[in-house]
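Reading the structure
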Amino acid sequence: MNRLVALLTDFGTDDPYAGQVAAVLAANSDAQIVSLTHRVPAHHVQLGASIVDASLELLPTGSVLLAVVDPGVGTARRGLIVRRDDRWLVGPDNGLLTPTQGDLQCWSIDRPETWRDPVAPTFHARDIFAPVTARLANYERPDWLGSLVHDPVRVDRPSARVNGPNIRGAVIHVDAFGNLITNIAAALVQTAHMLETQVGDARIQGLATAYGTGHEPVALIGSWNLLEIAVPGGSAAQRLDCRIGDVVTVERTDD
Amino acid sequence: MNRLVALLTDFGTDDPYAGQVAAVLAANSDAQIVSLTHRVPAHHVQLGASIVDASLELLPTGSVLLAVVDPGVGTARRGLIVRRDDRWLVGPDNGLLTPTQGDLQCWSIDRPETWRDPVAPTFHARDIFAPVTARLANYERPDWLGSLVHDPVRVDRPSARVNGPNIRGAVIHVDAFGNLITNIAAALVQTAHMLETQVGDARIQGLATAYGTGHEPVALIGSWNLLEIAVPGGSAAQRLDCRIGDVVTVERTDD
Amino acid sequence: MNRLVALLTDFGTDDPYAGQVAAVLAANSDAQIVSLTHRVPAHHVQLGASIVDASLELLPTGSVLLAVVDPGVGTARRGLIVRRDDRWLVGPDNGLLTPTQGDLQCWSIDRPETWRDPVAPTFHARDIFAPVTARLANYERPDWLGSLVHDPVRVDRPSARVNGPNIRGAVIHVDAFGNLITNIAAALVQTAHMLETQVGDARIQGLATAYGTGHEPVALIGSWNLLEIAVPGGSAAQRLDCRIGDVVTVERTDD
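Residues numbered from 1 in each chain as written. Chains lettered and ligands numbered in written order. Predicted model: local features only at pLDDT ≥ 70, side-chain atom pairs only at ≥ 80, totals over all residues. Heavy atoms only, no water.

Turning our attention to the overall build of chain A. For chain A, the helix and strand inventory stands at six helices and 15 strands. Relative to the compact-globule value of 18 Å for 255 residues, chain A shows a C-alpha radius of gyration of 20 Å, a close match. Principal-axis analysis of the C-alpha atoms places the extent of chain A at approximately 60 × 35 × 35 Å. Relative to its full complement of 255 residues, chain A shows a buried share of 58%. Restricting the contact set of chain A to residue pairs at least 6 apart, pairs at least 24 apart contribute 68%. Counting only carbon and sulfur atoms, one obtains 48% of the accessible surface of chain A, whose full area is about 10,400 Å². Once the 20 positive and 29 negative side-chain charges of chain A are each reduced to a mean point, those two points are 3 Å apart. (Helix = DSSP H or I, 4+ residues; strand = E, 2+ residues; numbered from the N terminus. Rg over C-alpha atoms; globule rule 2.2 N^0.38 Å. Buried < 20%, exposed > 50% of the residue type's maximum accessible area, 1.4 Å probe, protein only. Contact = heavy atoms within 4.5 Å. Areas by Shrake-Rupley, 256 points an atom, 1.4 Å probe, with all protein chains shown as cover. Lys, Arg positive; Asp, Glu negative; His and termini not counted. Charge placed at Lys NZ, Arg CZ, Asp CG, Glu CD.)

Moving on to the pattern of salt bridges. Counted by the stated rule, this structure contains 45 salt bridges over all chains. Of the charged contacts, one joins Asp86 of chain C and Arg83 of chain C as a salt bridge, the two residues approaching to 3.2 Å between their closest N and O atoms. Overall, Asp86 of chain C belongs to the partly exposed group, its relative accessible area being 45%. The closest approach of N and O atoms between Arg203 of chain C and Glu196 of chain C, which form a salt bridge, is 2.5 Å. Note on Arg203 of chain C: relative accessible area 52%, which makes it exposed. The network of salt bridges with shared partners includes Glu57 of chain A together with Arg116, Arg126 and Asp127 of chain B. (Salt bridge = Lys/Arg side-chain N within 4 Å of Asp/Glu carboxyl O.)

Let's shift gears to the relation of the copies chain A and chain C. It takes a turn of 120° to lay chain A on chain C, together with a shift of 0.0 Å along the axis; the resulting RMSD is 0.1 Å. Such values leave the two copies arranged in the relation of a three-fold axis. (Least-squares fit on C-alpha atoms with pLDDT ≥ 70 in both.)

Residues and elements named next belong to chain A. Strand order in this open sheet of seven strands is β2-β1-β3-β5-β4-β6-β7, and the pairing throughout is mixed. Looking along the sheet, the strands with just one partner apiece sit at the ends: β2 (32–37) and β7 (146–149). Sheet twist, expressed as the average angle between the axes of neighbouring strands with direction ignored, equals 25°. In terms of strand pairing, strand β4 (residues 79–84) meets strand β5 (residues 87–92) through six bridges, oriented antiparallel. (Pairing = 2+ DSSP bridges. Axes fitted to C-alpha atoms, helices over the stretch in contact; angles between N-to-C directions.)

Relative to the helices and strands, Gln20 of chain A is located in helix α1 (residues 17–28). As a C-alpha pair, Gln20 of chain A and Ile81 of chain A span 61 residues in sequence and 21 Å in three-dimensional space. Residues in contact with Gln20 of chain A, not counting those within four places in the same chain, are Phe123 and Arg126 of chain A together with Leu36, Ala54, Ser55 and Leu58 of chain C.

On to the interface of chain A and chain C. Across the contact, 29 residues belong to chain A and 31 residues belong to chain C. For the chain A and chain C pair, buried surface summed over both sides reaches about 2,400 Å², with 58% attributable to carbon and sulfur atoms. Counting across the interface, chain A meets chain C through two salt bridges. Residue Arg39 of chain C pairs with Asp14 of chain A through a salt bridge whose shortest N-O separation is 2.4 Å. Remark: the boundary between chain A and chain C carries 11 residue pairs in polar contact (both at pLDDT 80 or more). A total of eight residues in the side of chain A that touches chain C trace back to one element, the largest contributor, which is α1 of chain A. (Buried area = accessible area lost by both parts, 1.4 Å probe. Polar contact = N/O pair within 3.5 Å; in protein donor to acceptor, adjacent residues only side chain to side chain.)

Residues and elements named next belong to chain A. By the secondary structure assignment, Arg78 is in the loop between β3 (64–68) and β4. Measuring from C-alpha to C-alpha, the distance between Arg78 and Ser108 comes to 6.4 Å, with 30 residues separating the pair along the chain. Arg78 has contacts with Pro92, Asp93, Ser108, Val149, Asp151 and Pro152, leaving out every residue within four places of it along the chain. Here Asp93 takes part through its side chain, which lies 2.8 Å from a polar atom of the side chain of Arg78. Within polar-contact distance, the side chain of Arg78 engages the backbone oxygen of Asp151 at 3.1 Å.

Turning to the interface of chain C and chain B, a few remarks are in order. At the interface, 29 residues of chain C touch 31 residues of chain B. Of the roughly 2,400 Å² buried between chain C and chain B on both sides combined, carbon and sulfur atoms contribute 58%. Put simply, chain C and chain B have two salt bridges between them. Here Arg116 of chain C and Glu57 of chain B are joined by a salt bridge, their closest N and O atoms 3.6 Å apart. Of all the elements, helix α1 (residues 17–28) of chain C adds the most residues to the side of chain C that touches chain B, at eight residues. Residues of the side of chain C that touches chain B, tallied by class, amount to 15 nonpolar, eight polar and six charged. (Nonpolar A, V, L, I, M, F, W, Y, C, P; charged D, E, K, R; others polar.)

All right, on to the domain arrangement of chain A then. Considered domain by domain, chain A is made up of domain 1 (4–149) and domain 2 (161–253). Computed over C-alpha atoms, the centres of domain 1 of chain A and domain 2 of chain A are 31 Å apart. (Domains from an automatic or database assignment.)

Let us look at the sheet that holds strand β1 (residues 4–9) of chain C. One open sheet accounts for seven strands, arranged β2-β1-β3-β5-β4-β6-β7 (chain C); its pairing is mixed. Both outer strands of the open sheet, β2 (32–37) and β7 (146–149) of chain C, are each paired with one neighbouring strand and no more. The average angle at which neighbouring strand axes cross in this sheet is 25°, direction not considered. When strand β4 (residues 79–84) of chain C meets strand β6 (residues 105–109) of chain C, the two strands line up antiparallel, connected through four bridges. If you follow Val82 of chain C over to β6 of chain C, its bridge partner there is Cys106 of chain C. Where α1 of chain A meets the sheet, its contacts fall on β1 and β2 of chain C, and the angle it forms with β2 of chain C comes to roughly 155°. Contacts from helix α3 (residues 124–137) of chain C reach β1, β3 (64–68), β4, β5 (87–92) and β6 of chain C, with the element oriented near 170° to β3 of chain C.

Written out as structure tokens, the structure is:
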């Protein structure tokens, strides 16, 4: 069966870059290709990593995620193959592919004979990562494509802090509907019997089970598996005058 | 042969939502996946329905159109499978999938064992509609996926009114080239021997057979199979200072 | 093996046009479909032709590139099948598909029985070019689809002029990262031992091998196989206050 290859980049859709990566993949494998998004804000490794985290489990085991948000392209930074949750990830070694902690199998992409020739120094996604991804999709073994390494780059991401019944997190993304995505994991709040979420001037009681049809802000577990603040039929970002980085606090009452 | 699955949403391309829907489809079927557009204006069910109408016949019989413009996600609104013109449609029961009148076969999507688990209350497209679409693409029968219903939601769309030789319609979309798409069906005007279209201050004689190379506004049957006003090489919206909702009238002379 | 079909248009992604073209292709062939970009600036044949030039070699031999930037749609301009570098190109005969010089095999698309019926005069990409592309992907012979012609339209593109050690070119594209893509071919500058690039007020010594990590503008051979000016981690267009059409000069010292 054909492996699935998913793409995630900050290349945008104005230029042909994302399409050229897909073309190289299609030319070198029979994988089914799906674009998760090409509009991660330019060079925003942290948000890219959050989308990797939220999307990986949607892919079948054995599939490959080619993720490129790569401000260091062409410098000495390594390319990496990562085996994580029985999927393969390919991209730059800058924290995009790796959780902040936990064991991982990683290979440094260091076999030029498996790349396109010549390699454009500005476009490793097309000339190095896409050919390597195609080979993984074709069931080649990672140790044909790189050398085992044990020190992948880990990026500290602004994570929510728990202090007794209180959680202090932040808005990490505002989506196109104006929903505020926080870095507060579902597991931290789902077990609470009662809770109050505070963001900007708003105090929101409890967890909603859906956006609903009211006009007041709601807090709920969204599709990122993170706490999310929304205004039904409107923009929470506009209504609450919030943006990325704003503090979100939750007070839990567990019994 | 693999079934074709076409996607149409208002998710935009900034966020990973449309890509995640495609990933779930690809993970659960061998269907060939095509995105019609993900940039229907947010929550604009009527325009979405017009695009469904204009695109359905382009799909081969037996294919599936997953269409999601769903301001009521997570509320009590039903999900629907619709059989229409020998194609399958999947999405919310809010008029997006259904013509304003006519008989249809419809099933309410009410078998949670065929969905992803858990379901994010904010993202039925990914967690309910995509798995159901994948099952239809895999030739599962609709009565395994839902219960027959006879009362799909029908949305009144602003339709053109005919009064003798006069037609009164409206601009329903301005495309990226600045062309004005109206709700006046081709059938209403194609049979006229002569006609005059009036929009804003412009009076346009006859139907053009192509955009052409002049500089004056033209009226013609466009690719939506609707009357369309264009300015060759320019933007009719700018030149005529028109926008969605503006009145368009046609006076026919049939002999 | 399924042929690859790549798409390149100026249709944008707001409207369903690009998706409808893909749907017609998918309905009529088993080709794997990849979108290079749909956001060529509207009617910008020259930039579209540069992207065709830069992308063609990424496609496997035998694949088909459907390229449509077509301000003359519906007028008497011909449609064309072009055989070039062992790939097939399909689109309007306006210079988009053809290099400024060199021999080519070309067929005029003139067999209406191989098109969709009816043809919308505003949308030949969907109703003429996509069906013809699907047939080529299905290994139909070009002389079933059109008549040999020997006079394809050639468009003069602003090309770099060489005068002894001096090259005078121009910025032809500013990408989403703010990099300045010029029309100065890699072959003209790669052989120089030393060179100085001048653009706006900046004078840049030598060729960088990568964007690097500094803060000063660099000149390098980019992924278009053209001379490109970049500012590491920033926008060259903003820093140097440059735009499309600005003059770029290079002075070479070859020994």
